Amino acid sequence: MMGIDNELMSILKCPSCHADLRMNSSSLVCVSCANCYTDVQGFWDFFSTDTHSLKQAERDHYTEKVDYYLQMHHAWCLSPFYRHYHRKFLNELRRLPQGALILELGCGLGHDGAELLRSGYRLVETDIAPGQLLEAKKLHERCGLAGKSSYLLVDAERLPFEDESFDGIFMVATLHHLPSPLQSLKEIRRVLKPKGILILGTEPNTWQHRTIYPIGGMLLRLMGRRSSEREDISERVSQADQQAEGFSAIDLELLFRDAGFAHWELKPAGYLSAALFFIATEGSQILNRNIRLFALERMAIPIDEALGRLPWLRRYPWHWNAVAYKRG
Ligand SMILES: [Zn+2]
């Protein structure tokens with residue numbers, strides 16, 4: 001049976017009814033609704049199978065394809081675009097005092113979490129997919145950060161935590177994978193401390209889903225590559241990513257407002273540099289060779305920073321970073 005440190009046990013609650021959990025011989029049992037939570041691959045599992053089928057599909061995809069994502073991350077993490085905008089949202093979190101308790105939802109392979117652990121934060125890493133969480137834990141162990149974080153399998157729309165538990169919560173490229181982003185933001189607000197902050201990292205904007213992606217698909221069809229490419233895409237892209245339409249500025253503002261956040265800031269995350277990153281990653285996949293546009297991406301970043309300050313253009317970046325504040 002896995003142990004749980006006292007601090008984590010004090011904030012863990014039943015995700016269904018928020019009542020206390022008791023540990024018996026091999027599971028955590030809710031004292032109120034009697035729901036029972038067991039471990040999967042060595043992690044406490046708060047995911048419930050009687051949920052939206054999309055969540056189960058995401059859980060399976062990100063576990064089965066973990067080797068593909070490990071390989072892709074090798075390419076991504078060298079990209080100046082990727083590094084610049086990850087550094088920016090991590091620096092938003094670094095405004096919290098050292099030792100603050102941070103929750104990551106959808107931690108994936110755990111690279112952003114490793115950065116925060118190195119900066120002296122206490123961290124609860126969560127993901128819906130056991131395969132990803134296992135890699136995050138292994139990465140932290142390889143980086144000499146073993147035992148510094150907790151790891152839980154969690155549904156981001158039903159959080160297994162006490163109200164007002166965390167100083168900061170962040171999710172990177174995760175919100176658009178959820179059937180109900182609003183439900184997730186409400187849960188996040190519930191478990192944030194009164195002055196807590198939520199950081200969203202690199203969420204896609206809507207416009208490219210309505211322009212670039214359909215036009216790209218048409219070009220591929222003209223090139224006669226569409227049928228094989230379509231099979232390839234449904235193989236490597238998760239169901240949620242295939243269905244995603246991104247978030248416009250208004251979408252995000254309404255979500256934050258309806259979830260009850262006091263105020264928020266939307267921060268453009270890439271124009272030209274993001275397009276170059278997209279061309280390089282998609283081009284590499286389609287042409288089956290390693291395309292890197294790092295020098296161009298590097299030149300584009302200061303231009304993008306300037307574009308993001310223009311009144312109209314600041315609503316049309318490729319991706320968003322965002323900060324939302326629970327109160328005042
Ligand atoms: Zn319960």
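Refer to the structure above for everything that follows.
Residues numbered from 1 in each chain as written. Predicted model: local features only at pLDDT ≥ 70, side-chain atom pairs only at ≥ 80, totals over all residues. Heavy atoms only, no water.

**So, the pairing of strand 7 (residues 122-127)**
Stated formally: A simple rule labels every residue: compare its accessible area, found with a 1.4 Å probe on the protein chains alone, to the largest value its type can have, and call it buried under 20%, exposed over 50%, or partly exposed in between. Counting from the N terminus, the helices are DSSP H or I runs at least four residues long and the strands are E runs at least two residues long. The crossover handedness rule: strands pointing away from the viewer, path from first strand over the helix to second strand clockwise, crossover right-handed. Two strands are counted as paired when DSSP detects at least two bridges linking them.
The buried count for strand 7 comes to 5 of 6 residues, which makes it a mostly enclosed element. After leaving strand 6 (residues 101-105), the chain enters helix 5 (residues 111-118) and then returns to the sheet as strand 7, a path that is right-handed. Relative to strand 8 (residues 149-153), strand 7 is paired through 5 bridges, and the arrangement is parallel. What sits directly across from L123, in strand 8, is S149. A crossover links strand 7 with its parallel partner strand 8, the connecting element being helix 6 (residues 130-142), and its sense is right-handed.

**A look at the nonpolar core**
Short version of the rule: The definition of a nonpolar core used throughout is a set of buried Ala, Val, Leu, Ile, Met, Phe, Trp, Tyr and Cys residues joined through side-chain atoms within 4.5 Å. Domain start and stop positions are those given by an automatic or database domain assignment. Contact criterion: two residues are considered in contact whenever any of their non-hydrogen atoms come within 4.5 Å of each other.
Of all hydrophobic cores here, the largest spans 43 residues; its most connected members are F161, I188, L198 and F256. Secondary structure elements with two or more residues in this core: helix 1 (6-11), strand 2 (28-30), strand 6, strand 9 (166-172), helix 7 (181-191), strand 10 (192-204), helix 12 (249-259) and strand 12 (319-325). Examining the composition of this core, we find that 5 residues originate from one element, helix 12, more than from any other. Summarising the domain contributions, this core has at least three residues from each of domain 1 (1-37) and domain 2 (50-325). Beyond its immediate chain neighbours, meaning those up to four positions away, F256 contacts L185, L198, L200, F261, W264, L266, A322 and A324.

**Concerning unusual backbone geometry**
Its identity is not glycine, yet A34 carries a phi of approximately 65°, on the positive side. Following the sequence through the fold, A34 ends up in the loop between strand 2 and strand 3 (36-37). Even without being glycine, E164 reaches a positive phi, approximately 55°. Within the secondary structure, E164 is located in the loop between strand 8 and strand 9.

**Here's the deal with helix 12**
Quick reminder of the rule: The arc in question is the one traced by the directions running from the helix axis out to the C-beta atoms.
A249, L252, L255, F256 and A259 are the residues of helix 12 that are buried. Angularly, the buried residues of helix 12 cover 135° about the axis, an arc narrow enough to put them on a single face. Facing away from the buried surface of helix 12 by more than 90 degrees, the exposed residues are I250 and R257. Buried residues in helix 12 make contact with helix 7, strand 10, strand 11 (263-269) and strand 12. After helix 12 finishes, the residue G260 shows a positive phi value of roughly 95°.

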